[in-house]
Amino acid sequence: MESISPTLHNLGASSMAAIAARLASHPFDTVKTRIMADPSATVRSVAGSSGGFASTARAIVAHDGLAALYRGLPISLAFSMPAVSAYLWVYDASKAAIDANPLLPFSASSPMTHFTAAILAELCSGLMWTPLELIKSKQQCSMSASSSSSSSSSTSPYPPSKSVRDIATRIYRQDGLIGFVKGYWISIMVFVPYSIVYFGTYEQLKAAFASRQPPPSPQPPTTDSIGFRSQPPSLPFYAYMASAAVAGGLAAAISNPLDRIKTVIQVSDTPVTGPTARAGRLLQVARSLVAAEGWVGAFSRGLTSRVIWAVPNTVVAMAVYEGLKVAVPRKKY
């Protein structure tokens, strides 16, 4: 098999990881979004569910069919490839740059290096994640035409289903191009802590697994033009999966309160402009959730569904990413 450059290798591996993870986890994401997006919790009476993951999933299928769990998948696949590619590429490149900089007192294995790389990766990829989440969430929280016509508008918490084009046109007419990054800063507030916890835990768990493995046979690393270093794998495949599962579940649980607020804001059609208005909207949503559901109910709602979504999403993504980095030959320089 012909070798490819390490840079293209990482981008290709991350793109395949994005597709595999999205296909595996999208139905869980739809249920999570439905549970989180209804601030009045009317889904319990309308959808005939108790607000739990299994009951909400059953209610979605009963009202709209199995295909409803995959609503928003095409736009997710279209944006996930560049977003995950950018995220993992920036993360790896940042680690390599920090490790190669003699002025910084951090090594590639330092938690501070992992935290810094995770923040930079999130800031860059967030520009692609935000439009995806905005359109996807609106589609996931919509009902089919038959379901919406059979439910009275006064009781249904979900609008009729709309295409990506319809949603994008409405966003543009209401807010212009800036409308497509609605929720960017709240997304950063959600996913920067998520990334810090995730990669900090993931890297430490990998190090713990590595410490229990026999040392690999010495082989010289390869390095590309931006500093990616390719070493022979030192971990069995299950170590990557177990590390990703624990790290993903922990990070999802810790970031759940802010993700609840983000989802409600992005699903809403209320126009929000300017930093003061954005901050005010965030506080307004938080207060209304607490008033309706209490502190515990407001910020723990969707916790189980978020963890159920995050674990297969991160396990599949990192298993494919790490596996392809090892399986496909890379050019040596």
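Residues numbered from 1 in each chain as written. Predicted model: local features only at pLDDT ≥ 70, side-chain atom pairs only at ≥ 80, totals over all residues. Heavy atoms only, no water.

### Observations concerning the environment of Thr56
So the rule is basically this: Each helix is a run of DSSP H or I of at least 4 residues and each strand a run of E of at least 2, with the numbering of both proceeding from the N terminus.
You can see Thr56 is positioned in helix α3 (residues 53-64). C-alpha separation for the pair Thr56 and Arg34, spaced 22 residues apart in sequence, amounts to 8.0 Å.

### With respect to a nonpolar patch on the surface
Rules: Each patch groups residues whose relative accessible area exceeds 30% and which form no salt bridge, using 9 Å between like charges and 5 Å between nonpolar side chains of Val, Leu, Ile, Met, Phe, Trp and Tyr. The protein chains shown are the only cover counted for residues, whose accessible areas, like all others here, come from Shrake-Rupley with a 1.4 Å probe. In what follows, salt bridge is the name for a side-chain nitrogen of Lys or Arg lying within 4 Å of a carboxyl oxygen of Asp or Glu. Any residue under 20% of the maximum accessible area for its type is buried, any over 50% is exposed, and the rest in between are partly exposed; the area is computed with a 1.4 Å probe on protein chains only.
A surface patch of nonpolar side chains, amounting to about 340 Å² of accessible area, comprises Ile119, Leu120, Leu123 and Trp185. Among the elements that line the nonpolar patch, the one with the most residues is helix α5 (residues 111-140), at three residues. Checked against the element boundaries, Ile119 lands in helix α5. Given the relative accessible area of 30%, Ile119 is considered partly exposed.

### Observations regarding the packing of α5 against helix α10 (residues 256-267)
Test applied: Axis definition: a line fitted to C-alpha atoms, over the contacting stretch in the case of helices. Angles run 0 to 180 degrees between N-to-C directions. Oblique is the label for any angle not under 35 degrees, not over 145, and not in the 65 to 115 range, which are roughly parallel, roughly antiparallel and roughly perpendicular in turn. Any two residues whose heavy atoms approach within 4.5 Å are treated as being in contact. As a working rule, the residues Ala, Val, Leu, Ile, Met, Phe, Trp, Tyr, Cys and Pro are called nonpolar, Asp, Glu, Lys and Arg charged, and the rest polar, with Gly in that last group.
Close contact between α5 and α10 brings their axes to 9 Å; oriented N to C, the two are set at 70°. As the angle between them shows, α5 and α10 are arranged roughly perpendicular. Contacts between α5 and α10 pair Thr130, Glu133, Leu134, Ser137 and Lys138 from the former with Lys262, Gln266 and Val267 from the latter. In terms of residue class, the contact of α5 with α10 is built from two nonpolar, three polar and three charged.

### Details of the nonpolar core
Counted only if it meets this: In this description, a nonpolar core means a group of buried Ala, Val, Leu, Ile, Met, Phe, Trp, Tyr and Cys residues linked to one another through side-chain atoms lying within 4.5 Å.
With 40 residues, the main nonpolar core has Tyr194, Tyr198, Phe199 and Tyr202 as its most contacted residues. Not counting residues up to four positions away in its chain, the partners in contact with Tyr194 are Gly248, Ala251, Ala252, Ser255, Arg306, Ala310 and Thr314. In this structure, Ile186, Ile261, Val285 and Phe299 belong to the second largest nonpolar core, which totals eleven residues.

### Considering the confidence of the model for the chain
Quick note on the threshold: Values of pLDDT, the confidence the predictor places in each residue, fall between 0 and 100.
Per-chain confidence: the chain averages 78 in pLDDT, with 76% of residues scoring 70 or above. Per-element averaging of pLDDT across the chain places helix α2 (residues 43-46) at the bottom with 40 and helix α9 (residues 237-254) at the top with 93. Low pLDDT, under 50, characterises residues 39-50; the predicted model gives this stretch 26 contacts beyond four residues in sequence or across chains.

### Structural notes on the environment of Ala117
Secondary-structure assignment places Ala117 in helix α5. With relative accessibility at 0%, the residue Ala117 sits in the buried group. Spatially, the C-alpha atoms of Ala117 and Ile196 are 8.8 Å apart, while their sequence positions differ by 79 residues. Not counting residues within four places of it along the chain, the set of residues in contact with Ala117 comprises Tyr91, Ser94 and Lys95.

### A few points about the pattern of salt bridges
All told, the structure shown has 13 salt bridges when counted by the stated rule. For Asp64, the salt bridge is made with Arg34, and the minimal N-O distance between the two is 3.9 Å. Highlighted residues: Asp64 in helix α3 and Arg34 in helix α1 (residues 6-37), separated in sequence by 30 residues. Both residues of the pair, Asp64 and Arg34, count as buried. Shared partners join several salt bridges into a network, and the residues in it are Arg22, Asp29, Lys32, Glu133, Lys136, Asp259, Lys262 and Arg306.

### Thoughts on the packing of aromatic side chains
Threshold: Each pair of aromatic rings taken from Phe, Tyr and Trp, with Trp reduced to its six-membered ring, is defined by centres within 6.5 Å and is described as stacked if the planes are under 30 degrees apart, edge-to-face if over 60, and tilted in the remaining cases.
If you walk through the whole model with that rule in mind, you get eleven aromatic pairs. On the numbers, 6.0 Å between centres and 80° between planes, the contact of Phe209 with Tyr238 is edge-to-face. Of this pair, Phe209 sits in helix α8 (residues 184-211) while Tyr238 sits in helix α9; the two residues are 29 residues apart in sequence, bridging distant segments of the chain. Clustering of aromatic rings is evident, with ring pairs tying together Tyr87, Tyr91, Phe191, Tyr194, Tyr198, Phe199 and Tyr202.

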